[in-house]
Amino acid sequence: QVQLVESGGGLVQPGGSLRLSCTASGDIFSINAMGWYRQAPGLQRELVAVITSGGATNYADSVKGRFTISSDNAKNTVYLHMNLLKPEDTAVYYCNAEDLLEFGRGPPRDYWGQGTQVTVSS
């Protein structure tokens, strides 16, 4: 059974930093990409950043220059380094594994973590 477990959320003051981590566990053969999405109250879930297995990255315009996504493919782990945090970054952050293929099973599918709360407030 594949699971995505996130950690690193919390309360931080404006201008502060946090690092989120997400590890996918299970009988995993491959993952096409891993990323972070966020959902604020009353709003739709939106893409924050994604990184492919080859290292290509994509960011939402609102976080470019402040957030950095990185990964350790050997550990099926993705990180989100968040700097210069703003109150509008407050949301539940969800980890996503795109096109994850398990050994002996198919086709690949997407998986989600349970979410971790990030609150930016003074």
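Scope of this entry: the structure provided in the associated data block. Note that the coordinates shown come from a computational prediction; the quantities given were computed from them, not determined experimentally.

## What to know about the overall build of the chain
From N to C terminus, the chain includes zero helices and 11 strands. Along the chain, from the amino end to the carboxyl end, the secondary structure elements read β-β-β-β-β-β-β-β-β-β-β. Here the C-alpha atoms of the chain give a radius of gyration of 14 Å, agreeing with the 14 Å that 2.2 N^0.38 yields for 122 residues. With the C-alpha coordinates of the chain rotated into their principal frame, the extents come out at 50 × 25 × 20 Å. Entry remark: accessible area of the chain is about 6500 Å², with carbon and sulfur atoms responsible for 48%. If the 9 positive side-chain charges of the chain are averaged to one point and the 11 negative ones to another, these points end up 4 Å apart.

## Some words on the nonpolar core
Of all hydrophobic cores here, the largest spans 32 residues; its most connected members are Trp 36, Leu 80, Met 82 and Tyr 93. Broken down by secondary-structure element, the contributors of at least two residues to this core are β3 (18-25), β4 (28-39), β5 (46-52), β7 (67-72), β8 (77-82), β9 (91-102) and β11 (116-120). Broken down by element, the residue count for this core peaks at five residues, all from β9.

## So, the sheet that holds β8
Across the sheet, which stays open at both edges, the four strands sit in the order β1-β3-β8-β7 with antiparallel pairing between neighbours. Here the strands that pair on one side only, and so sit at the sheet edges, are β1 (3-7) and β7. Within the sheet, the average angular offset between the axes of one strand and its neighbour, ignoring direction, is 15°.

## As for the pattern of salt bridges
Evaluated as defined, the whole model comprises five salt bridges. A salt bridge links Asp 89 to Arg 66, with the nearest nitrogen and oxygen atoms 2.8 Å apart. Here Asp 89 is found in the loop between β8 and β9, whereas its partner Arg 66 is found in the loop between β6 (57-59) and β7, with 23 residues between them in sequence. Accessibility assignment for this pair places Asp 89 and Arg 66 in one class, buried.

## Let's talk about the side chain of Thr 77
Within the secondary structure, Thr 77 is located in strand β8. You can call Thr 77 buried: its relative accessible area is 6%. Within the local environment of Thr 77, its side chain forms a polar contact with the side chain of Thr 23, the two groups lying 2.9 Å apart. Setting aside its immediate chain neighbours within four residues, Thr 77 contacts Cys 22, Thr 23, Met 34, Ser 70, Ser 71 and Asp 72.

Parameters at a glance
- Residues numbered from 1 in each chain as written.
- Predicted model: local features only at pLDDT ≥ 70, side-chain atom pairs only at ≥ 80, totals over all residues.
- Heavy atoms only, no water.
- Helix = DSSP H or I, 4+ residues; strand = E, 2+ residues; numbered from the N terminus.
- Rg over C-alpha atoms; globule rule 2.2 N^0.38 Å.
- Areas by Shrake-Rupley, 256 points an atom, 1.4 Å probe, with all protein chains shown as cover.
- Lys, Arg positive; Asp, Glu negative; His and termini not counted.
- Charge placed at Lys NZ, Arg CZ, Asp CG, Glu CD.
- Core = buried A, V, L, I, M, F, W, Y, C linked by side-chain atoms within 4.5 Å.
- Buried < 20%, exposed > 50% of the residue type's maximum accessible area, 1.4 Å probe, protein only.
- Pairing = 2+ DSSP bridges.
- Axes fitted to C-alpha atoms, helices over the stretch in contact; angles between N-to-C directions.
- Salt bridge = Lys/Arg side-chain N within 4 Å of Asp/Glu carboxyl O.
- Polar contact = N/O pair within 3.5 Å; in protein donor to acceptor, adjacent residues only side chain to side chain.
- Contact = heavy atoms within 4.5 Å.

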